[in-house]
Amino acid sequence: MGTAIMITSGKGGTGKTSLTAGAASCLAALGRRVLCIDLDIGLRNLDLVLGMSDRALMDFSDVMGYRCPLSSAAVAQPEIKGLYLLTAPMDADGLDPERFRALVDDAKDCFDFVFMDSPAGLGPGFQLARAAADRAIVVSAVDPAALRDAQRAVSELHGLPQLHLVMNRVQPKLIRKLRTSIDNAMDAAGLPLLGVVPEDPAVTMAAAAGVPLVLATYKGAAPAYLNISKRILGQRVPLLHIR
């Protein structure tokens, strides 16, 4: 059976969706079957970052409502074998957490990993992901507001057996000065560090072009996503050295 991983943050703008797409793409490239579920109801954009704009015709509410089987609703990424997307509906009406958990349990029979891209904050999408998650990754930037909101998200995730922190969008030129901030963030959140991802304009450029980042470049954020995916698999790899 696969593992359901909730990707969340306390506030928007931390690069959570880019991290979801990047790590999922790398896991698929490493030979795993990965399903990405966009839980940003009404504001979905995971399809853009995965290079799958408008490919998904059905969403997870159609599966929950028995209007479409999971096998038909989950759309394959055309260039990355083993990577699939299940997109979000436009509204949250009738979305029961228990039924969503049943959907994810079914998905875990077919996929090695189910990545749930939870929206920022503690709304319906967060609650659905929380109900189905086996573990969670909390994504934060290094600014005080992001760190404080990340701590709030962590407080809502008690009971999950595995929680990790990813520091995202870190300015390479400031990394030495920010080491103390990252250490403080780990202490405050009480989470082990899964990875550090540099600020990378290629992330935005790849999404605008409709190309997954890992197919566009081997520099910047892309190798950081690869290292994170390897740690998710339990491999011992060093943190990305940001210059």
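It should be noted that the structure appears before, not after, this text.
The following refers to the structure shown.

Each value, and the rule that gives it
Residues numbered from 1 in each chain as written. Predicted model: local features only at pLDDT ≥ 70, side-chain atom pairs only at ≥ 80, totals over all residues. Heavy atoms only, no water. Buried < 20%, exposed > 50% of the residue type's maximum accessible area, 1.4 Å probe, protein only. Helix = DSSP H or I, 4+ residues; strand = E, 2+ residues; numbered from the N terminus. Pairing = 2+ DSSP bridges. Right-handed = clockwise from strand over helix to strand, strands pointing away. Expected span 1.5 Å × (residues − 1). Arc of directions from axis to C-beta. Contact = heavy atoms within 4.5 Å. Axes fitted to C-alpha atoms, helices over the stretch in contact; angles between N-to-C directions. Salt bridge = Lys/Arg side-chain N within 4 Å of Asp/Glu carboxyl O. Core = buried A, V, L, I, M, F, W, Y, C linked by side-chain atoms within 4.5 Å.

### Quick notes on the pairing of strand β7 (residues 162–170)
Strand residues, when the strand is regular, have side chains that alternate between the two faces of the sheet.
Item 1. Of all the 9 residues making up β7, 7 are buried; the element is thus mostly covered by neighbouring parts of the structure.
Item 2. Of the pairings in the sheet, the one linking strand β6 (residues 135–140) to β7 comprises 6 bridges and is parallel in character. Looking at β7, one finds that Ile-137 is bridged to His-164.
Item 3. Between the parallel elements β6 and β7, the chain passes through helix α7 (residues 144–155) in a crossover that is right-handed.
Item 4. Taken together, the 4 bridges between β7 and strand β8 (residues 193–198) define a ladder with parallel strand orientation. Its bridge partner being in β8, Met-167 is matched across the sheet by Val-196.

### Some thoughts on α7
Count 3.6 residues to each turn of an α-helix, and residues three or four apart come out pointing the same way.
Item 1. With 12 residues, α7 should reach 16 Å at 1.5 Å per residue; the first-to-last C-alpha distance of 17 Å fits that figure.
Item 2. Every buried residue of α7 is listed here: Ala-146, Leu-147, Ala-150, Ala-153 and Val-154. One side of α7 carries all its buried residues, which in axial view fall inside an arc of 115°. Seen from the open side of α7, the exposed residues pointing more than 90 degrees away from its buried face are Pro-144, Arg-148 and Arg-152.

### As for the environment of Leu-48
Item 1. With respect to the element layout, Leu-48 can be found in helix α2 (residues 46–49).
Item 2. Its relative accessible area of 39% is what places Leu-48 among the partly exposed residues.
Item 3. The spacing of Leu-48 and Met-58 is 10 residues in sequence and 16 Å in space, taken between C-alpha atoms.
Item 4. Sequence-distant contacts of Leu-48, defined by excluding residues within four places in its chain, comprise Ser-53, Ala-207 and Gly-210.

### Some remarks on the sheet that holds strand β1 (residues 3–8)
Item 1. Judged by pairing direction, the sheet is mixed, and its 8 strands sit side by side in the order β3-β4-β2-β5-β1-β6-β7-β8 without closing on themselves. The strands lining the two open edges of the sheet, one partner per strand, are β3 (75–76) and β8.
Item 2. Where strand β2 (residues 34–38) meets strand β4 (residues 83–86), 4 bridges bridge the pair, whose relative direction is parallel. Across the sheet, the residue bridging to Ile-37 is Leu-86, located in β4.
Item 3. Packed on one face of the sheet, helix α6 (residues 124–132) meets β1 and β5 (113–117) and runs near 150° to β1.

### Notes on the environment of Gly-210
Item 1. Counting through the fold element by element, Gly-210 comes out in the loop between α9 (201–209) and α10 (213–216).
Item 2. Overall, Gly-210 belongs to the partly exposed group, its relative accessible area being 36%.
Item 3. Sequence-wise, Gly-210 and Tyr-84 are 126 residues apart; in three dimensions their C-alpha atoms are separated by 15 Å.
Item 4. Residues contacting Gly-210, with those up to four places away along its chain left out, are Leu-48 and Gly-51.

### Notes on the pattern of salt bridges
Item 1. Counted according to the given criterion, the structure contains 6 salt bridges.
Item 2. For Asp-62, the salt bridge goes to Arg-67, with nearest N and O atoms at 3.0 Å.
Item 3. What you see here is one network of salt bridges that share partners, running through Asp-105, Lys-108 and Asp-134.

### Focus: the nonpolar core
Item 1. In this structure, Ile-37, Phe-60, Phe-100 and Met-116 are the most contacted members of the largest nonpolar core, which totals 43 residues.
Item 2. Excluding residues within four positions of it along the chain, Phe-60 makes contact with Ile-37, Asp-38, Leu-39, Ile-41, Leu-86, Thr-87, Ala-88, Pro-89, Leu-95, Phe-100, Leu-103 and Leu-128.
Item 3. Grouped together as the second largest cluster of nonpolar side chains are 37 residues, Ala-21, Val-49, Met-52 and Ile-80 included.

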